[in-house]
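Structural characterization, general
As a plain string of letters, each chain reads:
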Amino acid sequence: MSVLPLVFTSGWASGINAYAVVLLLGLLGATGVTDEVPDALQRPDVLIAAAVLFLFEAVADKVPYVDSVWDAVHTVVRPVAGGVVAALLAGHDGSLPQLAAGAVGGSTALLSHLVKAGTRIAVNTSPEPASNIVVSVVEDLGVAGLVAFAVFHPVAAAVIAATLLLAGLALVILLWSRIRRYLRRRRERREEKRLAAAAEADPVAR
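My aim in this report is to walk through the structure given alongside it, one point at a time. Residue positions are given per chain, counting from 1 as you read along its sequence in written order. Local features are withheld for residues below a pLDDT of 70 in this predicted model, meaning they are given only at 70 or higher, and side-chain atom pairs are given and counted only at 80 or more; totals for whole chains, interfaces and linings count all residues. The basis for every side-chain value is the complete set of non-hydrogen atoms in the structure, without hydrogens or water.

Next up on the list: the overall build of the chain. For the chain, the helix and strand inventory stands at 6 helices and 0 strands. By principal-axis analysis of the C-alpha atoms, the chain measures approximately 70 × 35 × 35 Å. Contacts in the chain between residues at least 24 apart in sequence constitute 70% of all its contacts with a sequence separation of at least 6. All accessible areas in this document rest on Shrake-Rupley with a 1.4 Å probe, and a residue is counted as covered only by the protein chains that are shown. Just so you have it, the chain exposes about 10900 Å², and 73% of that area is on carbon and sulfur atoms. Strands here mean DSSP runs of E at least two residues long; helices mean DSSP runs of H or I at least four residues long; both are numbered from the N terminus. Every residue pair with non-hydrogen atoms within 4.5 Å of one another is taken to be in contact.

Another aspect to go through is a positive patch on the surface. On the surface, R178, R180, R181, R184, R185, R187, R189, R190 and K193 cluster together into a patch of positive charge. Considering the arrangement of structural elements, one finds R190 in helix α6 (residues 154-201). Put simply, a patch holds well-exposed residues, over 30% relative accessible area, that have no salt bridge, with like charges counted together within 9 Å and Val, Leu, Ile, Met, Phe, Trp or Tyr side chains within 5 Å. Each reported salt bridge corresponds to a side-chain nitrogen of Lys or Arg within 4 Å of a carboxyl oxygen of Asp or Glu. We score Asp and Glu as negative and Lys and Arg as positive, and we do not count His or the chain ends. Charge placement uses NZ in Lys and CZ in Arg. For Asp and Glu, CG and CD serve respectively.

Right, let's get into the packing of helix α2 (residues 44-60) against helix α3 (residues 66-90). What counts as an axis is a line fitted to C-alpha atoms, over the stretch in contact for a helix, and the angles between N-to-C directions run from 0 to 180 degrees. Orientation of α2 relative to α3, taken along the N-to-C sense of each, is 140°, at an axis distance of 9 Å. Here α2 lies oblique to α3, going by the angle between them. Where α2 approaches α3, its residues F56, E57 and A60 are matched on the opposing element by V66, D67, W70, H74 and R78. For the contact of α2 with α3, the residue count by class is 4 nonpolar, 1 polar and 3 charged. In these notes the angle categories are as follows: under 35 degrees is roughly parallel, over 145 is roughly antiparallel, 65 to 115 is roughly perpendicular, and the rest is oblique. Think of it as three bins: nonpolar holds Ala, Val, Leu, Ile, Met, Phe, Trp, Tyr, Cys and Pro, charged holds Asp, Glu, Lys and Arg, and polar takes everything else, Gly as well.

One non-glycine residue, Y65, lies in positive phi territory at about 75°. With respect to the helices, strands and loops of the structure, Y65 is situated in the loop between α2 and α3.

What follows is about the nonpolar core. Judged by nonpolar contacts, the single largest core of 34 residues is most densely connected at W12, V21, L25, V85 and V143. When contributions to this core are tallied by element, the ones reaching two or more residues are α1 (4-30), α2, α3, α4 (96-123), α5 (130-152) and α6. Element by element, the count of residues in this core is highest for α1, at 11 residues. The contacts of V21, once residues within four sequence positions are left out, are S10, A13, S14, V85, V143 and V147. Think of a nonpolar core as a cluster: buried Ala, Val, Leu, Ile, Met, Phe, Trp, Tyr and Cys residues, connected wherever their side-chain atoms sit within 4.5 Å. A simple rule labels every residue: compare its accessible area, found with a 1.4 Å probe on the protein chains alone, to the largest value its type can have, and call it buried under 20%, exposed over 50%, or partly exposed in between.

Turning our attention to the pattern of salt bridges. Across all of its chains, the model carries 9 salt bridges by this definition. For D61, the salt bridge goes to K116, with nearest N and O atoms at 3.1 Å. Note that D61 is positioned in the loop between α2 and α3 and K116 in helix α4, a separation of 55 residues in sequence. For D61, a relative accessible area of 2% puts it in the buried group.

This is how it looks when you write it as structure tokens:
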């Protein structure tokens, strides 16, 4: 129970940027800032892999439409990463508390990922690219700040994470009509391209 607030916050953060969570926790543990981080997250190979993937995400996450594709690919990755990080934080290999922590971390990561993906779809309905960059930077700073804060003040950080998660869910619900119109237009454009390609390939149609 004592590690549950940190588990919840890390799950929320993993749903937004799992690589940043692994990298930041690993660095905090490796540098001796905290002893709450398990050794598995402090391994050099884990830190290097997390750093490389974080750099890829830092670029992809700021490009319109590419960010939504990246989110779609990470629909499985982020919840799994959130569950694994949570289970490692809970320790006690194979115990019921560790399994429960993994479930909390994974489910929280899934919810925050859905909020992130839904928000990005809404942002992509705007023709200018600056909003993607601003939203991405705010997300990265929020993840880094809240995870670092959670190491020293886990309960307060969990309250903030829960508030942000609820606010994000409410925002996505409010923006759903805009998201739905965007998805409909995208389907229509794909259908138009398919029909145009079929017409070009069919000599009779030409």
